[in-house]
Amino acid sequence: MSRFIDRVVLHVTAGKGGNGCASVHREKFKPLGGPDGGNGGRGGNVVFVVDRGVHTLLDFHFHSHAKATNGTQGMGANRQGSDGEDLILKVPDGTVVLDRDGKILADMVGEGTRFDAASGGRGGLGNAALASKARKAPGFALLGEEGVERDLVLELKSVADVGLVGFPSAGKSSLVSVLSAAKPKIADYPFTTLVPNLGVVSSGETTFTVADVPGLIPGASDGRGLGLEFLRHLERCAVLAHVVDCATLDPGRDPISDVDALEAELAAYKPALSGDASLGDLADRPRIVVLNKADVPEAAELAEMVTPEFEARGWPVFTISAVSREGLKPLIFALAKMVEEYRVAHPPAAPRRAVIRPVARDEEGFQVVKDPDVPGGFIVLGTRPERWVAQTQFSNDEAVGYLADRLARLGVEDTLIKMGAEPGASVTIADVSFDWEPQTPAGVDVTRTGRGTDARLDQVERIGADERKHARRVRRGLDTDE
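Residues numbered from 1 in each chain as written. Predicted model: local features only at pLDDT ≥ 70, side-chain atom pairs only at ≥ 80, totals over all residues. Heavy atoms only, no water.

Chemist: What should I look at first to understand the overall build of the chain in this one?
Modeler: Of regular secondary structure, the chain possesses 11 helices and 19 strands. Within the chain, the fraction of its 482 residues that count as buried is 46%. Contacts in the chain between residues at least 24 apart in sequence constitute 71% of all its contacts with a sequence separation of at least 6. When the accessible surface of the chain is totalled, it reaches about 24,900 Å², and 53% of it is carbon and sulfur. (Helix = DSSP H or I, 4+ residues; strand = E, 2+ residues; numbered from the N terminus. Buried < 20%, exposed > 50% of the residue type's maximum accessible area, 1.4 Å probe, protein only. Contact = heavy atoms within 4.5 Å. Areas by Shrake-Rupley, 256 points an atom, 1.4 Å probe, with all protein chains shown as cover.)

Chemist: Explanation requested: the sheet that holds strand E19 (residues 432-435) in the structure shown.
Modeler: Either a parallel or an antiparallel arrangement is found when strands of a sheet pair, and the pairing is made through backbone hydrogen bonds. Taken in spatial order, the four strands make up an open sheet running E16-E17-E18-E19, and their pairing is mixed. Strands at the two margins of the open sheet, each flanked by one partner only, are strand E16 (367-370) and E19. Taken over all neighbouring pairs, the strand axes of this sheet differ in orientation by 25° on average, direction set aside. Examined bridge by bridge, strand E18 (residues 426-429) and E19 share four bridges and lie antiparallel to one another. Paired with Val 427 across the two strands is Phe 434, which belongs to E19. (Pairing = 2+ DSSP bridges. Axes fitted to C-alpha atoms, helices over the stretch in contact; angles between N-to-C directions.)

Chemist: What is the right way to look at the packing of helix H8 (residues 383-391) against helix H9 (residues 397-410) in this model?
Modeler: What describes two packed helices is the angle between their axes and the distance between those same axes. Running from N to C, H8 and H9 cross one another at 175°; their axes reach a closest spacing of 10 Å. The orientation of H8 with respect to H9, classified from their angle, is roughly antiparallel. From H8, Arg 384, Pro 385, Trp 388, Val 389 and Gln 391 reach across to H9, where they touch Leu 403, Arg 406, Leu 407 and Leu 410. For the contact of H8 with H9, the class distribution of residues is six nonpolar, one polar and two charged. (Parallel < 35°, antiparallel > 145°, perpendicular 65-115°, else oblique. Nonpolar A, V, L, I, M, F, W, Y, C, P; charged D, E, K, R; others polar.)

Chemist: What am I meant to see in the nonpolar core here?
Modeler: Burial of nonpolar side chains together is a common tendency in soluble globular proteins. Val 162, Leu 164, Leu 175, Phe 208, Val 239, Ile 288 and Leu 331 are the most contacted members of the largest nonpolar core, which has 28 residues in total. Within the residue set of this core, elements represented by two or more residues are strand E9 (162-165), helix H3 (172-179), strand E11 (206-212), strand E12 (239-245), strand E13 (287-292) and helix H7 (328-345). For this core, the element with the most residues is H7, which contributes nine residues. In this structure, Leu 164 is in contact with Lys 172, Leu 175, Val 176, Val 210, Ala 211, Asp 212, Val 213, Ala 241 and Val 243, ignoring residues within four places of it in sequence. Counting 22 residues, the second largest nonpolar core, distinct from the first, contains Ala 106, Phe 115, Leu 154 and Leu 156. (Core = buried A, V, L, I, M, F, W, Y, C linked by side-chain atoms within 4.5 Å.)

Chemist: Sorry if this is basic, but what is going on with the confidence of the model for the chain here?
Modeler: Any region with low pLDDT has predicted coordinates that should not be read closely. Chain-level statistics for the chain give a pLDDT mean of 79 and a share of 77% at 70 or above. Under a pLDDT of 50 for its full length, residues 223-228 has, in the predicted model, 12 contacts with residues more than four places off or in other chains. (pLDDT = per-residue confidence, 0-100.)

Chemist: What exactly am I supposed to notice about the packing of aromatic side chains here?
Modeler: The relation between two aromatic rings is expressed through the spacing of the ring centres and the mutual angle of the planes. Applying the stated criterion across every chain, the model contains two aromatic pairs. Geometrically, the ring pair formed by Phe 48 and Phe 115 is stacked, given 6.2 Å between the ring centres and 20° between the ring planes. Placement of the pair is Phe 48 in strand E2 (residues 46-50) and Phe 115 in strand E7 (residues 114-118), with a sequence separation of 67 residues. Phe 115 matches Phe 48 in its accessibility class, with the two residues each being buried. Relative to Tyr 402, the ring of Phe 140 lies with its centre 5.3 Å away and its plane at 45°, an arrangement referred to as tilted. Of this pair, Phe 140 sits in the loop between helix H2 (127-130) and strand E8 (149-156) while Tyr 402 sits in helix H9; the two residues are 262 residues apart in sequence, bridging distant segments of the chain. (Phe/Tyr/Trp six-rings, centres within 6.5 Å; stacked < 30°, edge-to-face > 60°.)

Written out as structure tokens, the structure reads:
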């Protein structure tokens, strides 16, 4: 038996960018023809697309991890790596995407609406793109960036024109079954339906959908019973129809008190849709009252007594029987007219491409703060320094020197000096910590050395070794401060 799933938590991971290539062109009579390493390919994105052929989030319930493919590494002869393929995930119309904190990222309504949920990492530059006056033949390339990884919450809010609301066993499922070709499971249950049932109804040239959502109980807006699990399926409905059981034998219940209880719950619930703010709260939607089970004589008499009360509120009232199908045609015509009026007032929006808009960050800037966990240590914060560290292959001294140049040009070293950083102080960028040593100012040509090495780093290592050797000699009494 198929299952209706309307809320899932999905872990999405975009593809990693491919690494750049460090290569030197070689041919006969030209052993060193210059760098020709290509760039790595971009990682694939994770994209949600609305598909009318999908009606539930069931697939994501069983497969809660989604990962796009990685970009491939660049190659010699200036050949760029191929980009990773985007992972297209089909979702039902009416899907709302939220982050773990409940913030709405996208409200996906309309066939073809797209949402870029996670962006793939950029490919690393090859040594051909890194060549400069200071480094005519770089012996290194940049690593590809990791793709965005995040947890998302998907909620399905039914896209229906008419929402049937009522207490359990009011006859909502039976009404959907006689208004449309839908065949919900119906029985004399003492409890409510557990999943929404949708049906398509035709009236002349008008076709509209009817949603039978699980029954309301007092306190549903606060999460009691099915609570919010069902109320969100009413947020997109143009018309709300109160289905009232006029033949109930429960003591203390009658049609007027039932409707008043339903109205209190609808007024207390506050929808939070980003794309349909014009709909307003549920309490503002057009109403219609359906007095059901008129095939029972006592129910028919009760319906006749309460009709003037509902009409005084300005609501159309229809007395029907889902069993004998009495009064169904006038009800269908009235619903079709109300739906048409709503569609004229709220024309459908064109399919749109929804894109994540992250919180604005200063891409050019950075910040240096003191490390609370390391005495005399510092932490460098900023998009660019963190990205540069992730692109660096630390087993290659020349790549480390290039990183030092980039940080110096950005002003990180000057800031560390102003903040009183001492040589050997611990400096952390992203997840990498190192002992800071002032380097040659950025832009100054460095002494040419072998590919993959940097003379400045060798000098720092020699200075450090000499200082340690001197300290050992002082401890042994071989040297003095003089």
